[in-house]
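# Structural characterization, general
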Amino acid sequence: MRCQEASSAMSLKMDQRLSESEERELTEHLASCPACAEEQARYIGIESLFADARWLPVPGGFSQHVMRRIHQRRTRLAVLRGFLAVVIFGLVAVGTLALLTSLLNPVFQQLVRYPFFAWLVTTGEGIAAVLRTVVYALRLVLSTVLNSLTPYVVGYLALAALLLLAWTRTVVLSRRSSGMILQNNSR
Amino acid sequence: MSAELERQWIESAAAGDEEAFAKLVEAYQMPVYNLAYRMLGNPLEAEDAAQETFIRAFTRFNTYKPGLKFSSWILSIASHHCIDRLRRRRGVVLSMEDIMGQRWIPDDHPYPEEMALKREERALIAETLEMLPTPYRLVIVLRYWHDASYEEIAEITKDSVSAIKSRLHRARDMIATHLQKREQSAQVERRLAENALSRSF
Ligand SMILES: [Zn+2]
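Described below are features of the structure shown in this document. (Residues numbered from 1 in each chain as written. Chains lettered and ligands numbered in written order. Predicted model: local features only at pLDDT ≥ 70, side-chain atom pairs only at ≥ 80, totals over all residues. Heavy atoms only, no water.)

Looking only at helices and strands, chain B has nine helices and zero strands in total. Reading chain B from its N end, one meets helices and strands in the order α-α-α-α-α-α-α-α-α. In chain B, of all internal contacts separated by at least 6 residues, the share reaching a separation of at least 24 is 63%. (Helix = DSSP H or I, 4+ residues; strand = E, 2+ residues; numbered from the N terminus. Contact = heavy atoms within 4.5 Å.)

Quick look at the structure:
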């Protein structure tokens, strides 16, 4: 055994991690190497210094204080999340309503001019007329939407989808772990 | 505390049950607080760090793996939090609330005669820990105060067992060198004092 190996063996010995044969080798080396024997004496000194290592009692009311802080944070988070939900749903609802009104306005105007009731009564092809009207209306809606897919409209739709997705994700995650947002609020 | 009871507490706490979590806090406040105290060297900051450890544990219960020892998991959160604090130590100022809420801190040696006897030794322990760089201090505290095995220390620090072995060895080397230097300077001082004394006669 060389001095370097002996040194790490001594550390292992302090933790009762040496096998019998390793311990024998170490003892042999220490008997023939005064420098390592001196180091071992210092290691034993460390053991006796830390043998006095003790635990301090925990300050009174510790766990109550922890639980109070946890409860406060959870309440604050719940209020914040409710407020966010109201704001996001409000924005999405108002935006969607405005978009639909402006997009469908030409459709309504066309339908008014369509002789829907006349067809229904006079030709007796009421059902066919209704179907044709529905198909016509759908085609009109679709073409209007497709024609009006300006960057603004696309952007709005994407933003609305993103906000809704983000909201559902926070709710789902918080149910699972009671508040992922919290972890960065601590500072 | 039976293992079965603890398992129930953990399960309920993971589902957000504050009462069950309070039981876990009671059960593990001692090791967590004492780890923070030995790492930070300051009882007030240790109390705050220990509380923060439990708050983090509660909000991150999804990172707890049922197979893991709960003590390893909570001590791992505590160690990483203490290391964070030591890293940004220069920026840390205790808040007014911390100062006003300061409680009497009981001494670990309640008997006066023993206190006087051991004061020097306790100062030496504190000084030795403070001298050690953070990762070495952590393995020493876990080894001597928490009586943790190499495997447990590895689990807590998220290092390999062989890394822990060599870190403990290195830490002991540093402590031995420190104690030796301290001894030598004490001898030099003593000799200087003796010389001064003999010259004055
Ligand atoms: Zn040697």
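Our focus in this paragraph is the pattern of salt bridges. The final tally for this structure, using the stated rule, is 19 salt bridges over all chains. Close ionic contact of Arg172(B) with Glu47(A) constitutes a salt bridge, the shortest N to O distance being 3.6 Å. Note that Arg172(B) is positioned in helix H9 (residues 161–199) and Glu47(A) in helix H3 (residues 34–50), a pairing that runs across two chains. Glu47(A) gets classed as partly exposed once you look at its relative accessible area, which sits at 23%. Here Arg69(A) ties to Asp48(B) by a salt bridge, and the two come within 3.3 Å at their closest N and O atoms. Here the residue Arg69(A) occupies a position in helix H4 (residues 62–113), and Asp48(B) occupies one in helix H3 (residues 43–59), the pair thus bridging two chains. As far as the burial class goes, Arg69(A) and Asp48(B) line up, both buried. Through salt bridges with shared partners, a single ionic network connects Arg69(A), Arg73(A), Glu45(B), Asp48(B), Glu52(B) and Arg85(B). (Salt bridge = Lys/Arg side-chain N within 4 Å of Asp/Glu carboxyl O. Buried < 20%, exposed > 50% of the residue type's maximum accessible area, 1.4 Å probe, protein only.)

Turning next to the coordination of the zinc ion. All names here are of chain A. Protein ligation of the zinc ion involves Cys3 (SG), His29 (NE2), Cys33 (SG) and Cys36 (SG), the donor distances falling in the range 2.1 to 2.3 Å. Sequence spacing of the donors to the zinc ion: C-x25-H-x3-C-x2-C. An identical accessibility class is assigned to cysteine 33 and cysteine 36; each is buried. (Donors = N, O, S within 2.8 Å, 3.2 Å for Na, K, Ca; no water.)

This paragraph deals with the packing of helix H2 (residues 18–40) of chain B against helix H4 (residues 70–87) of chain B. Two packed helices can be described by the angle between their axes and the distance between those axes. Residues and elements named next belong to chain B. Following both chains from N to C, one finds H2 and H4 inclined at 35 degrees, their axes separated by 10 Å at the closest point. Like other packed secondary-structure pairs, H2 and H4 cross with a definite hand, here right-handed. Of the residues in H4, those touching H2 at Leu24, Tyr28, Pro31, Val32, Leu35, Ala36, Met39 and Leu40 are Phe70, Ser71, Ile74, Leu75, Ala78, Ser79, Cys82, Arg85 and Leu86. (Axes fitted to C-alpha atoms, helices over the stretch in contact; angles between N-to-C directions. Left-handed = near helix turned anticlockwise from the far one by under 90°.)

What follows is about the nonpolar core. Of all hydrophobic cores here, the largest spans 76 residues; its most connected members are Phe50(A), Phe21(B), Leu24(B), Phe54(B), Phe61(B), Phe70(B) and Ile140(B). No other element matches H2(B), which puts 12 residues into this core. The two domains that each donate at least three residues to this core are domain 1 (3–49) and domain 2 (62–186) of chain A. The contacts of Phe21(B), once residues within four sequence positions are left out, are Met67(A), Ile70(A), Ala13(B), Phe54(B), Ala57(B), Phe58(B) and Phe61(B). (Core = buried A, V, L, I, M, F, W, Y, C linked by side-chain atoms within 4.5 Å. Domains from an automatic or database assignment.)

What follows deals with a nonpolar patch on the surface. Residue and element names in this part refer to chain A. Among the surface-exposed residues, Leu142, Val145, Leu146, Leu149, Val154 and Leu157 lie close enough to one another that they form a single nonpolar patch of about 520 Å² accessible area. Looking at the nonpolar patch, the elements that each hand over two or more residues are helix H6 (126–147) and helix H7 (151–177). Counting residues per element, the nonpolar patch draws most heavily on H6, at three residues. Tracing the backbone through its elements, the reader meets valine 154 in helix H7. (Patch = residues over 30% accessible without salt bridge, like charges linked within 9 Å, V, L, I, M, F, W, Y side chains within 5 Å. Areas by Shrake-Rupley, 256 points an atom, 1.4 Å probe, with all protein chains shown as cover.)

Okay, the packing of aromatic side chains next. Under the counting rule described, the total for this entry stands at 13 aromatic pairs over all chains. Each residue in the set Phe62(A), Phe21(B), Tyr28(B), Phe54(B), Phe58(B), Phe61(B), Tyr64(B), Phe70(B) and Trp73(B) is aromatic and connected to the rest through ring pairs, giving one cluster. (Phe/Tyr/Trp six-rings, centres within 6.5 Å; stacked < 30°, edge-to-face > 60°.)

Tallying the contact residues gives 45 residues for chain A and 55 residues for chain B. Note on chain A versus chain B: buried area summed over both sides is about 5,000 Å², and carbon and sulfur give 58% of it. Here chain A is connected to chain B by eight salt bridges. In this structure, Glu151(B) engages Arg17(A) in a salt bridge whose closest nitrogen and oxygen atoms are separated by 2.5 Å. One can count 21 residue pairs in polar contact (both at pLDDT 80 or more) joining chain A with chain B. Only helix H1 (3–14), H3, H4 and H7 of chain A provide two or more residues apiece to the side of chain A that touches chain B. Counting residues per element, the side of chain A that touches chain B draws most heavily on H4(A), which supplies 10 residues. (Buried area = accessible area lost by both parts, 1.4 Å probe. Polar contact = N/O pair within 3.5 Å; in protein donor to acceptor, adjacent residues only side chain to side chain.)

The next point concerns unusual backbone geometry. Excluding glycine, residues mostly have negative phi values, and the peptide bonds linking residues are mostly trans. For Gln16(A), which is not a glycine, the phi torsion comes out positive at approximately 55 degrees. Examined against the element boundaries, Gln16(A) turns out to sit in the loop between H1 and helix H2 (20–32). Classification of Gln16(A) as exposed rests on a relative accessible area of 64%. In the Ramachandran plot, Lys158(B) falls in the positive-phi region, its phi being about 60 degrees despite a non-glycine side chain. Along the chain, Lys158(B) turns up in the loop between helix H8 (150–157) and H9.

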